[in-house]
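One-letter residues, chain by chain:
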Amino acid sequence: MRDQFPFAVARVTRRWRKLLDERLKDLGVTQARWTTMVYLQKGGEGLTQRELARLMAIENPTLVRLLDSLEQQGLIERRPCPNDRRARRLHLTPDGTRFMNVLTERAAELREEMLAGISDEEIEGAVEVFHKIMENAERQK
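These notes cover the structure that comes with them. Keep in mind that this is a model prediction, so the values were computed, not measured.

### Here we look at the nonpolar core
In step 1: In this structure, W34, M37, L40, L52, I76 and F99 are the most contacted members of the largest nonpolar core, which totals 23 residues.
In step 2: Counting only elements with at least two residues in this core, the list comes to helix 1 (5-24), helix 2 (31-43), helix 3 (49-56), helix 4 (60-72), strand 3 (88-92) and helix 5 (94-114).
In step 3: Broken down by element, the residue count for this core peaks at five residues, all from helix 5.
In step 4: Beyond its immediate stretch of four places on either side in the chain, L40 contacts E45, L47, L52, I76, L90, H91 and L92.

Following this line, the structure appears as structure tokens:
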């Protein structure tokens, strides 16, 4: 089972993202873009690009391209940072907030479908295992 575990986690993750991507297709946003929006919302508005890149574990140039496209779609805006003239703080626009409301609703529907027949205790146990794995992974650095 230990040999199968990482592959099972990867399959579930890919399937989850694929299904959510299909449910968001009509909004005209790619998986990379909606993932960026989720991290921005979860990390707290007003993050700098560098902070968001670190949170997402991606390189800054990759994030800049994603942010450019989200800004062109009117979903985010970059505002000057009062403490650092070189930095920009990231914020959702009103359209970005509406988008996140739709995403949250559709993600909640998918989550309930994907977790059907699984008890809260089982989910709690799985989350605890994932936390332990992440702790072990952090020690590998």
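### Points about the pattern of salt bridges
Two side chains of opposite charge can pair, provided their charged atoms sit close to one another.
In step 1: Enumeration according to the criterion identifies nine salt bridges in this entry.
In step 2: As a salt-bridge pair, E22 and K18 come within 2.6 Å of each other at their nearest N and O atoms. Taken together, the residues E22 and K18, both in helix 1 and four residues apart, mark about one turn of the helix.
In step 3: Among the residues examined, K18 registers a relative accessible area of 43% and is labelled partly exposed.
In step 4: With a shortest N-O distance of 3.3 Å, D84 and R86 are connected by a salt bridge.
In step 5: For D84, a relative accessible area of 25% corresponds to the partly exposed category.
In step 6: One salt-bridge network, in which partners are shared between bridges, spans D68, E71 and R78.

What counts and how
- Residues numbered from 1 in each chain as written.
- Predicted model: local features only at pLDDT ≥ 70, side-chain atom pairs only at ≥ 80, totals over all residues.
- Heavy atoms only, no water.
- Core = buried A, V, L, I, M, F, W, Y, C linked by side-chain atoms within 4.5 Å.
- Buried < 20%, exposed > 50% of the residue type's maximum accessible area, 1.4 Å probe, protein only.
- Helix = DSSP H or I, 4+ residues; strand = E, 2+ residues; numbered from the N terminus.
- Contact = heavy atoms within 4.5 Å.
- Salt bridge = Lys/Arg side-chain N within 4 Å of Asp/Glu carboxyl O.

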